[in-house]
Each structure stands twice: as C-alpha cells, then as structure tokens.
Amino acid sequence: MNEETIKISASLDCANYLDLLSDIRKLEEGGVNMLHLDIMDGHFVPNYALGTNLLRKLRPQTSLLFDVHFMTSNPEVSIPIFADLGADIITFHVETTSRLHQMVSSIKNLGKKAGLALNPSTPPDILEYIFPYIDMVLVMTVDPGFVGQKFVPEVVKKVQIIKSLIDSRHLNIDIAVDGGIGEKTVPLLKKAGANVFIAGTSSIFSGKDEIEIAARKFRELCEKTY
Ligand SMILES: O=C(CO)[C@H](O)[C@H](O)COP(=O)(O)O
Ligand SMILES: [Fe+2]
C-alpha cells in the first residue's frame, strides 16, 4: 500500500439499506476506492451491523475493494470466513486479542491486507513490535459501535505519533481514520498523517448532497493540502 495515496472508503452501514445497490452505483460513479463494511456483534460493541450474507450477495455486484472492519469479540474465528467471502482488507481491534502476530499472519496467509484498529483510548505503543507485519492502522476517532458520533479531538495527536513511528521505520503502512470524518476533521487528520478516510454520516451520507456529488466533494476535501 502507498502511504502517499489518498483512499476513500465509504461506510456502508450509513447507506440506504432499502436501496443499497443504487447507493453503491453512485459511490462507484463518485470515485470511492473501497466499501467500508462494519461488522458488529452486540458484544465487543453494544450494537449489531452487517454480516456474511450481505458480503456474499454484494461481492459479485461490484469491483470496489471490501474494507472489512471487525468490531467483534473473538474475530479469529471470522477471519477465514470473511476472507473467503471476498474481503480485501481485514481489520480487527487490538483490544480483542492477545494473539496479534498470529492473527495478522493468518490474514496475510489468506492473501489479504491486514489492518489493526485502535479505540480512541488505546495508546499507540501496542503497535511497536507488529508494525513490520501490517498494511494499515485504523485509528478510531469515536468509540466504536455507532454511526454519527462526536469526534474525539485528542486522537489527532495519536495519528501524528503513529505517522512518525511509521516514517522513522521507513515502512509503507496506511493510516485510516474512522468516525466523524468530515469538513472540520479531515484537515486536522490529513495534516497529522492520515491517508485513508472513512466516509459516513459526517460526509458522503450526510444527506446534504446526492451521494455521487458528495463523494466527489469528499475526495477533493481529502486531496487538498493543509
Ligand atoms: O466504525 C464505525 C462506527 O463504529 C463507522 O465506520 C463510522 O462511525 C462511520 O460513520 P460516521 O461518519 O457516521 O461516524
Ligand atoms: Fe468502521
């Protein structure tokens, strides 16, 4: 993955469930790179979202990359299932396991990109010994589990720290930000070093513009230099 490339991942849980395929066509037209698929189990987070049948039905319908964000306890059991369903990037939370290296290598052995997600209150130190093995760090900018939450501003500093840790090791790792990503927060996060922007109710799905137009505007916002 290229850290300098800006990537837009549209959070499908924020789309119109009753007209999902038409929303996906608009996202394709609007130039997003990936569909962000939030998997929630009602245990790691107090909410439920998306699942295997949706991926199974969607995979033949679009060539957009599937960026799967597990917000589940025990993601270990789900990794091979979602890999088989066509996930391209598989991200799980560091708070859910004591077997980080094992799980990352099982994702890589399945031929997928591996991402690690950190809650807003989780310090970046946990990444130190696993950096060489991962493709992406997903920095949660809200507590995981719900769309439309308030951005936690303290996390900007964590993005900055992670970016300098990656650069000092000359590694090529994407930094994704997820939760409350929009007009006010993109400039701060881009300056701090983020390059993957997860678009939800704070941007593409805010309802202010048609999805296709909103996606184009969001890319412009993310590609600007701040
Ligand atoms: O992982 C998530 C929630 O846990 C979502 O991807 C995220 O919240 C995106 O939506 P919004 O822009 O509404 O915050
Ligand atoms: Fe997410």
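Residues numbered from 1 in each chain as written. Chains lettered and ligands numbered in written order. Predicted model: local features only at pLDDT ≥ 70, side-chain atom pairs only at ≥ 80, totals over all residues.

The next thing to look at is the site of ligand 1. The environment of ligand 1 is made up of 20 residues, and the closest members are P144, V147, G200, T201 and S202. Class assignment of the residues belonging to the shell around ligand 1 gives a composition of 7 nonpolar, 11 polar and 2 charged. (Near = placed C-beta within 6 Å. Nonpolar A, V, L, I, M, F, W, Y, C, P; charged D, E, K, R; others polar.)

What follows deals with helix α1 (residues 20-29). The periodicity of an α-helix, 3.6 residues per turn, causes residues three or four places apart in sequence to face the same way. For α1, the set of buried residues is D23, I24, K26 and L27. The arc enclosing the buried residues of α1, seen along the axis, measures out at 160°, which places them on a common side. In this structure, α1 carries L21 and S22 as exposed residues pointing more than 90 degrees from its buried face. Phi turns positive, to about 85°, at G31, one or two residues after α1. (Buried ≥ 20, exposed ≤ 12 C-beta atoms within 10 Å, placed from the backbone. Helix = DSSP H or I, 4+ residues; strand = E, 2+ residues; numbered from the N terminus. Arc of directions from axis to C-beta.)

Our next topic: the UniProt feature "active site" (unreviewed entry) in the protein. As annotated in UniProt, the feature "active site" (unreviewed entry) corresponds to D38 and D178 in the numbering used here. A stretch of 141 residues holds the annotated residues, and the largest C-alpha distance among them is 10.6 Å, short enough that they meet in one place. Its place among the elements puts D38 in strand β2 (residues 34-41). By C-beta crowding, D38 is classed as buried, having 24 other C-beta atoms within 10 Å. The residues contacting D38, other than those within four sequence positions of it, are S11, D13, A49, L50, H69 and M71. Relative to the elements of secondary structure, D178 occurs in strand β8 (residues 174-178). (UniProt positions renumbered as here; feature names shortened; annotations may be inferred. Contact = placed C-beta atoms within 7 Å.)

So, about the nonpolar core. Counting residues in hydrophobic clusters, the biggest one holds 69 residues, and the most contacted among them are V137, V139 and F197. Element by element, the count of residues in this core is highest for helix α7 (residues 211-223), at 6 residues. In contact with V137, not counting residues within four places along its chain, are G115, L116, L118, L127, I162, I173 and I175. (Core = buried A, V, L, I, M, F, W, Y, C linked by C-beta atoms within 7 Å.)

In this section: helix α4 (residues 100-109). Buried residues of α4: M103, V104 and I107, and no others. The arc that holds every buried residue of α4, seen down its axis, measures 100°, which confines them to one face. In α4, the exposed residues that point more than 90 degrees away from the buried face are H101, Q102 and N109.

Further remarks concern the pairing of β8. Put simply, side chains in a regular strand alternate between the two faces of the sheet. In terms of burial, β8 is a largely internal element, 5 of the 5 residues being buried. In β8, alternate side chains face the same way, and those of D174, A176 and D178 on one face and I175 and V177 on the other are all buried. Summarising the sheet, β8 and strand β9 (residues 196-199) pair through 2 bridges and their orientation is parallel. Bridge pairing in β9 places V177 opposite F197. Handedness of the β-α-β unit built from β8, helix α6 (residues 186-192) and β9 comes out right-handed. (Pairing = 2+ DSSP bridges. Right-handed = clockwise from strand over helix to strand, strands pointing away.)

Look at L50: it is not a glycine, yet its phi comes out positive at around 45°. For L50, the position within the fold is in the loop between β3 (48-49) and α2 (52-58). Phi at H170 takes a positive value of approximately 55°, unusual for a residue other than glycine. Along the chain, H170 falls in the loop between α5 (155-168) and β8.

Now for the UniProt feature "binding site: a divalent metal cation" (unreviewed entry) in the protein. Per the UniProt record, the feature "binding site: a divalent metal cation" (unreviewed entry) sits at H36, D38, H69 and D178. The greatest C-alpha distance among the residues just named is 10.6 Å, despite their covering 143 residues of sequence, which places them together in space. On the secondary structure map, H69 appears in strand β4 (residues 65-71). Residue contacts for H69: discarding those within four places in its chain leaves H36, L37, D38, I39, T91, A117, L138 and D178. By the C-beta count within 10 Å, which is 25 here, D178 ends up buried. If we ignore the near neighbours within four places in the chain, the residues touching D178 are H69, L138, M140, T141 and I198.

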